[in-house]
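Observations on chain architecture
One letter stands for each residue in the lines below.
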Amino acid sequence: MEPLFIEGTQKTPSIDFDPSKGALEIKGRSIPENSIEFYKPLVDWLETYSEKPATKTVVNVHLEYFNTSSSKCILDVFKKLESIHKSNNDVQINWYYEEDDEDMLEAGEDYESIIRVPFKMIEIVD
Amino acid sequence: MSFNINEYYQRLSQGDVLLGYKGSITSELINEVLEAVEEKLEKVNESGKTRKKIYNVLVESMQNLYHHIEESHEGIEENLEPKFGVLVVERDKEEYKVITGNFINNKKIKFLQEKIDKINSMSKDELKDMYKFILNHQKISAKGGGGLGLVDIARKTGKPIRYEFFPYNDIYSFFNLIIEV
């Protein structure tokens, strides 16, 4: 399966997905007006990936900002990961947040309470 | 006398204004506003925490305008651009205010008013539960709005959302929204 790489912009994060390694990174700002359009390729990629995932999938989410429209798409991404996890594959989501950004930590905890995948909250200290 | 958009805008622009805009709310405009406000907050050395909250509130309030604003304004005398809205960001002593204004069809007032009143009556934990419920159970509308914007704003600011509707004519009122950060 081909890797997926999308470069970040002022309103959209960079996406770096290497299926052979089971490594996905989402990094930057996610505040597009139309988030469905932006996240569709990633959701499609994960759909295909879920048929034959790596033994271990590690997802690093490192967002500075995200809007509420993206929040639903991020949930869709996590739901795909949840179904991979459900079929007895190792999945880990690392949720990064900047030191003292309680809102971002809380957002990660919201997802953790909805999605049945192991989460790790990682504080970034300057 | 009925509502006058120019008087309204002048009244808003009297404080310590970081940014004021009236006109079409487009995707490009949102980019420009975010960039300008971010730059100004950095200049005055505002704390990272406050900067992030203002940024978040700005994104949600402008995208709310972008998704829900009236395309055109029939029967409104002033010569308005399509997707017309007003945005002011000002500093009021130690706090910041994000103010948005737009014409709204009178038929939509009741729904919006009830929604904001409900949000304002909720505790922090209730807002968290409401946010998670909408996140997990409602589809994104065709317009792209998630129905989460105001809930998110209330959660992030921890303050009631202030609003007013100024009657304009039989079809429209002017909706003024004040968010304190």
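Whatever comes next refers back to the structure up there.
All of the points below concern the structure found in this document. From a predicted model like this one, the values you see are computed outputs, not experimental measurements. (Residues numbered from 1 in each chain as written. Chains lettered and ligands numbered in written order. Predicted model: local features only at pLDDT ≥ 70, side-chain atom pairs only at ≥ 80, totals over all residues.)

On the secondary structure map, Lys56 of chain A appears in strand 4 (residues 56-66). With near-sequence residues (within four places) excluded, Lys56 of chain A lies in contact with Gly22 and Asp90 of chain A. (Helix = DSSP H or I, 4+ residues; strand = E, 2+ residues; numbered from the N terminus. Contact = placed C-beta atoms within 7 Å.)

So, on to the sheet that holds strand 3 (residues 23-30) of chain A. Residues and elements named next belong to chain A. Ordered in space as 1-2-3-4-5-6, the six strands form an open sheet in which the pairing is mixed. Two strands bound the open sheet, and with one partner strand each, they are strand 1 (4-6) and strand 6 (119-124). For this sheet, the mean inter-axis angle between neighbouring strands, taken without regard to orientation, is 15 degrees. (Pairing = 2+ DSSP bridges. Axes fitted to C-alpha atoms, helices over the stretch in contact; angles between N-to-C directions.)

Before going further, it helps to spend a moment on the sheet that holds strand 4 (residues 162-167) of chain B. Residue and element names in this part refer to chain B. The antiparallel open sheet is built from five strands, whose spatial order is 1-2-3-5-4. Only two strands of the sheet have a single neighbouring strand rather than two, namely strand 1 (16-24) and strand 4. Each adjacent strand pair in this sheet contributes to an overall mean axis angle of 15 degrees, direction not counted. Here strand 4 pairs with strand 5 (residues 172-180) via six bridges, running antiparallel. Residue pairing for strand 5: Glu164 is matched across the bridge by Asn176. Relative to strand 1, helix 2 (residues 27-43) is tilted by about 175 degrees, and along the sheet it contacts strand 1 and strand 2 (84-92).

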